[in-house]
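# Examining the three-dimensional arrangement
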Amino acid sequence: MLIPKKYQTIGVASVLVVASLVILSVSLHSPGETYFFRKIVLEISSPAVDAINTSIEGVRNVWKRYLFLVGLEEENRILRGRIAQLTKGLNDYRELYYEERRLRGLAGLKESAKLPGVFCRVIDRNNSYLFKTIMLNKGTSDGLRVGLPVVSAEGVVGRIVEASWNVSKVLLVVDYNSNIDVVTQESRVQGILQGGGNAGCSLKYVERSEDVKIGEQVLTSGLGGVFPKGLIVGTVLNVDRNVSGLFLKVEVMPAVRFSRLEEVFVVTPEKEKVQ
Amino acid sequence: MIYYLLLPLFCLIVLIFQTTLLNLLFLGKISVEVSLIIVVYAGLHLDAVKAGFLAFIMGFILDCLTGFVSGLFTLYYVAVFLVVRILSFKVYAEGYPFIVGFTFIAVLVEALFTALVYLVFYEVNILSGVLKVFLAQALVACLLSPALFKALDRLEGVLNVREAR
């Protein structure tokens, strides 16, 4: 190394800090882009993450299904083995049945709203306090790109924030970075729905004079150019009028149960119709 | 040279483990940053170039896997490397009290740093919620750090990458 050992730490740290600042600066100034190295990391990690999550799910299923069979009498073991086989068979059919129902729901949404798009499978979830994202098993090679809206049969899921060749990352509506232009269904009050992490969402910039009702549905307004108009985003949970300032504090419960998402539908523009 | 070739793979494996299995172990309530403990370890035991690159690569891959903004964790991990490096010249940094204390503070400062970035660039104040979660994360991480240091000591012995001081 050319740098004297005494100054190596400062020298190395200076170079790396500058490199980090460059990456941070580029990322903050062009938030919609997925850079090459990020794509590489996502592409390499997604099969491993998918495999681990599938294994965990498998172990969890085995644990749930077979734990209580261990240690039974010999006589009962054969019978219980048979029951387990039947249960597994039944469970497989049930899984297929529920999967078909979910896909029918998504297909129904696609038909009723005349939305072109791509069906994707959720392969990973990031449910930390700060980041609320999911990973999909399709990417730019399937026609997906950054900014496209993602929905499920229950309602709006979020939008794609990173798209690699074969995987995409979706920012959920409950993430702090998520802002969607919405309108309430009955009172037609417009506002910005901002993610609130584990607390759900909040409707911002609703004037105190507006008559927002608890229980009414919140829909996408179609403004902003990302989400089509009229998709369900959530339900008004609470309206707090005892706050200082110009605006009401409106809590919204998202329509989608993100922890149970397995398949989603990415809405693509008409001209990029893929499926 | 082999160290620099294997470094990204090592970091990727650690971070996949951290974001999947370890996350599951704590029921998804808190995420324990093993990666941060490894950066602290590298700052104390490896030479400046090796440790610096480890911090940089670890932060960058963490950004790619979990972060929304590239460079956030990269910058923070490099800063952690620099601070631990400087402190190791000034104080006795090999003892467990230092390791536990430093890990605890590093996780908490990370929360403040992230909250500050969110406040400045996205105008969202997440500090109150973040502190509660990160306090728990800091406690778990600092309690795990001595055991992880021992494990890394063994791994380092096998790989023979320790700095000749």
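Everything here concerns the structure above.
The sections below set out a description of the structure shown in this document.

This part is about the sheet that holds strand β8 (residues 201-204) of chain A. The strand order around the closed barrel built from six strands is β6-β7-β8-β11-β10-β9 (chain A), with neighbouring strands paired in antiparallel fashion. Averaged over all adjacent pairs, the angle separating strand axes in this sheet is 45°, with direction ignored.

With that settled, consider the interface of chain B and chain A. On the chain A side, the residues contacting the 45 residues of chain B number 41 residues. Taken together, chain B and chain A are joined by zero salt bridges. Every element with two or more residues in the side of chain B that touches chain A is listed here: α1 (2-19), α2 (21-25), α4 (48-65), α5 (72-90), α6 (96-122) and α7 (127-159) of chain B. Tallied by class, residues from the side of chain B that touches chain A come to 31 nonpolar, 11 polar and three charged.

Residue and element names in this part refer to chain B. Look at α1: 26 Å from first C-alpha to last across 18 residues, which is about the 26 Å you get at 1.5 Å a residue. Bending of α1 peaks at approximately 30° at the position of Pro8. Tyr3, Leu7, Cys11, Leu12, Val14, Leu15, Ile16 and Gln18 are the residues of α1 that are buried.

For the rest of this paragraph, the subject is the sheet that holds strand β3 (residues 149-151) of chain A. All names here are of chain A. With antiparallel pairing, the six strands of this closed barrel are ordered in space as β1-β2-β5-β4-β3-β12. Neighbouring strand axes in the sheet, compared pairwise and without regard to direction, differ in orientation by 45° on average. Two elements, strand β1 (residues 117-127) and strand β12 (residues 263-267), share five bridges in a ladder whose sense is antiparallel. Bridge assignment links Phe119 to a residue of β12, and that residue is Phe265.

In terms of nonpolar packing, the biggest core is built from 67 residues, with Val39(B), Leu44(B), Leu54(B), Met58(B), Ile61(B) and Tyr77(B) touching the most fellow members. Only α1 (8-29) and α2 (36-66) of chain A together with α1, α3 (34-45), α4, α5, α6 and α7 of chain B provide two or more residues apiece to this core. Other than its neighbours up to four places away in sequence, Met58(B) contacts Phe10(B), Cys11(B), Val14(B), Leu15(B), Ser35(B), Ile38(B), Val39(B) and Tyr77(B). If you look at the next biggest cluster of nonpolar residues, it comprises 43 residues, including Val118(A), Ile160(A), Ala163(A) and Cys201(A).

This paragraph deals with unusual backbone geometry. Residue and element names in this part refer to chain A. Phi is positive for Arg188, close to 55°, though the residue is something other than glycine. Its place among the elements puts Arg188 in the loop between β6 (179-184) and β7 (190-195). At Tyr205, a position not held by glycine, the phi torsion is positive, near 60°. By the element assignment, Tyr205 lies in the loop between β8 and β9 (217-220).

A few words on the packing of α3(B) against α6(B). All names here are of chain B. Between α3 and α6, whose axes approach to 10 Å, the crossing angle comes to 130°. Viewed along their axes, α3 and α6 adopt a mutual orientation that is oblique. Between α3 and α6 lies a crossing of right-handed hand. Where α3 abuts α6, its residues Leu36, Ile37, Val40 and Leu44 lie against Phe98, Ile99, Phe102, Thr103, Ala106, Val107 and Glu110. Looking at the contact of α3 with α6 residue by residue, the class counts come to nine nonpolar, one polar and one charged.

Let us now look at α3(B). Within an α-helix, residues lying three or four positions from one another point in the same direction, as the helix has 3.6 residues per turn. Residues and elements named next belong to chain B. Here α3 contains 12 residues, and its C-alpha end-to-end distance of 16 Å stays within 8% of the 16 Å for a straight helix at 1.5 Å per residue. α3 sits mainly inside the fold: 12 of its 12 residues count as buried. Residues of α3 that are buried include every one of Val34, Ser35, Leu36, Ile37, Ile38, Val39, Val40, Tyr41, Ala42, Gly43, Leu44 and His45, and no others.

Okay, the environment of Ile10(A) next. Note that Ile10(A) resides in helix α1. Overall, the relative accessible area of 46% leaves Ile10(A) in the partly exposed class. Leaving out residues up to four positions away in the same chain, Ile10(A) has contacts with Leu82(B) and Ile86(B).

About the cut-offs
- Residues numbered from 1 in each chain as written.
- Chains lettered and ligands numbered in written order.
- Predicted model: local features only at pLDDT ≥ 70, side-chain atom pairs only at ≥ 80, totals over all residues.
- Heavy atoms only, no water.
- Pairing = 2+ DSSP bridges.
- Helix = DSSP H or I, 4+ residues; strand = E, 2+ residues; numbered from the N terminus.
- Axes fitted to C-alpha atoms, helices over the stretch in contact; angles between N-to-C directions.
- Contact = heavy atoms within 4.5 Å.
- Salt bridge = Lys/Arg side-chain N within 4 Å of Asp/Glu carboxyl O.
- Nonpolar A, V, L, I, M, F, W, Y, C, P; charged D, E, K, R; others polar.
- Expected span 1.5 Å × (residues − 1).
- Bend = angle between axes of the 7 residues up to and from the residue.
- Buried < 20%, exposed > 50% of the residue type's maximum accessible area, 1.4 Å probe, protein only.
- Core = buried A, V, L, I, M, F, W, Y, C linked by side-chain atoms within 4.5 Å.
- Parallel < 35°, antiparallel > 145°, perpendicular 65-115°, else oblique.
- Left-handed = near helix turned anticlockwise from the far one by under 90°.

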